[in-house]
Amino acid sequence: MIKGIIFDLDGVLVSTDELHYQAWKRLAQELGIKDFTKEDNEKQRGVSRMESLEIVLNKGDKVYSLEEKEELAEKKNAYYVDLLETLDNNAVLCGVVKTIRYLKQLGMLIGIGSVSKNTPAILQKTELDQYIDKVSCGLDITNSKPDPEVFLVAAGKLGLEPENCLVVEDSAAGIVAAKAAGMKSLGVGPYYQSLSATYEATGLDTDIPWETILQN
Ligand code: B16
Ligand code: MG
């Protein structure tokens, strides 16, 4: 029986995935990589900042030292943080607040499982923090999705066993991580059909058969 829902952040609760794309594209252009596409950006969903950088650098032919890569990742983050300045509750995706309120009424604990180190700022700016019981994010972990660490930390903070948690994700890496954690998974978003989650839906809403999902 499910007692807690662990939500991914970017692409599930908020539309920051588009801002990540803009920041990476700007960096790619500066590095002379002109063909960084949305398709490349899709591969960055749910993976860490440094792994995302590798996806960009693989499009070019230059070799960078670890120190240079760290500088590039910091540069991209600065662009992203600038874009986050404009963030407010309009960035919350359709159906999210209604769904979380409904799940809380059903007695569910609500957690966050995001590899983003910017999670606390995003939750505060979008005012989603008021609905969240516990946060597990990039600041708490050493291994990114598809490693299960971020979800296991979330379950621990919520005081729940993995089998009592449902993960809601928009990335394949996140679904693999949820399964590795021994949790059920719900895949949402434009790419949900390729996620192989336990349950799938186009987006978050109260018309998802939540009560059935939570009892199974
Ligand atoms: P940051 P999620 C992930 O968040 C993003 O999907 C991914 O594109 C990004 O590289 C990663 O966070 C790290 O974010 O650079 O802000 O630390 O989907 O796990 O909520
Ligand atoms: Mg995501």
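These numbers come from a predicted model, not from an experiment.

A.B. asks: Lay out the packing of helix H1 (residues 16-30) against helix H4 (residues 66-84) in plain terms, naming residues and giving numbers.
C.D. replies: Viewed as axis vectors pointing N to C, H1 and H4 meet at an angle of 135 degrees, and their least axial separation amounts to 9 Å. One finds that H1 runs oblique with respect to H4. For the element pair H1 and H4, the recorded crossing hand is right-handed. The segment H1 lies against H4, with Leu19, His20, Gln22, Ala23, Trp24, Arg26 and Leu27 engaging Leu72, Lys75, Lys76, Tyr79, Tyr80, Leu83 and Leu84.

A.B. asks: Residues and numbers for the sheet that holds strand E3 (residues 134-136), please.
C.D. replies: An order of E3-E2-E1-E4-E5-E6 is seen for the six strands of this open sheet, with the pairing classed as parallel. Where the open sheet ends on each side, the last strands, each with one partner, are E3 and strand E6 (199-200). Note: strand E2 (residues 109-113) against E3, three bridges, orientation parallel. In the strand pairing of E3, glycine 111 is matched with lysine 134. Running over the sheet, helix H7 (residues 149-158) touches strand E1 (4-7), E2, E3 and strand E4 (165-169) and is turned about 150 degrees from E2.

What counts, and where the lines are drawn
- Residues numbered from 1 in each chain as written.
- Chains lettered and ligands numbered in written order.
- Predicted model: local features only at pLDDT ≥ 70, side-chain atom pairs only at ≥ 80, totals over all residues.
- Axes fitted to C-alpha atoms, helices over the stretch in contact; angles between N-to-C directions.
- Helix = DSSP H or I, 4+ residues; strand = E, 2+ residues; numbered from the N terminus.
- Parallel < 35°, antiparallel > 145°, perpendicular 65-115°, else oblique.
- Left-handed = near helix turned anticlockwise from the far one by under 90°.
- Contact = placed C-beta atoms within 7 Å.
- Pairing = 2+ DSSP bridges.

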